[in-house]
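# Survey of secondary and tertiary structure
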Amino acid sequence: AVSGWQERLDESAIAFAKRMVEYGAKRIVFTDIAQDGMLTGPNLPALREMLAAVPVAVIASGGVGSVQDISNLAALGASNLEGVIVGKALYAGAVSLPSAIAAAAGGAL
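Notes on the structure follow.

Thresholds applied
- Think of each chain on its own: its residues are numbered from 1, step by step along the sequence as written.
- With pLDDT at 70 or above as the cut-off, local features in this predicted model cover only qualifying residues; side-chain atom pairs require 80 or more to be listed or tallied, and sums for whole chains, interfaces and linings still use all residues.
- Just so you know, side-chain values use all the structure's heavy atoms and leave hydrogens and water out.
- Throughout this description, the term salt bridge denotes a Lys or Arg side-chain nitrogen within 4 Å of a carboxyl oxygen of Asp or Glu.
- Burial classification: accessible surface area is computed with a 1.4 Å probe over protein chains only, and a residue below 20% of its type maximum counts as buried, one above 50% as exposed, and the rest as partly exposed.
- For helices the rule is a DSSP run of H or I covering at least 4 residues; for strands it is a run of E covering at least 2, with both sets numbered from the N terminus onward.
- Whenever a nitrogen or oxygen atom comes within 3.5 Å of another N or O atom, the pair is scored as a polar contact, on the condition that within protein one atom can donate a hydrogen and the other can accept it, and that pairs from neighbouring residues in sequence are kept only if both atoms are in side chains.

## A short note on the pattern of salt bridges
Applying the stated criterion across every chain, the model contains 2 salt bridges. Of the charged contacts, one joins R19 and E11 as a salt bridge, the two residues approaching to 2.7 Å between their closest N and O atoms. The class for R19 is partly exposed, based on a relative accessible area of 29%. The salt bridge partner of E82 is R27, with a shortest N-O separation of 2.4 Å. With E82 in strand β3 (residues 81–85) and R27 in strand β1 (residues 27–31), this pair connects stretches of sequence that are 55 residues apart. Here R27 falls in the partly exposed class, since its relative accessible area comes to 45%.

## Overview of the side chain of S61
Note on placement: S61 falls in strand β2 (residues 57–61). Residue classification places S61 among the buried positions, given a relative accessible area of 11%. In terms of polar contacts, S61 uses its side chain to reach the side chain of T31, at 3.1 Å.

This is a description of form; function is not addressed.
Encoded structure:
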């Protein structure tokens, strides 16, 4: 989805990401919009698929609601998983910044 998630494309996220890499993108922010803001955990299978599909850095976004979610992302062990966006969980107080940093560092995220 594009334009503030108001417009959907007839192209998968992976195909779109690969095309952007061909155009020169060095980093992909992958947001599962169905999970975004839900605090129910990231879509690990979709993220795993994205990480395997592109040779560039990927930043995970969408669904993080706990420190365990960050640990689960770090446990993927993907060398191109560069980071995670922890938005609403910080604002809601579900995750503290020091605990998020510690969880990410523990898994070398």
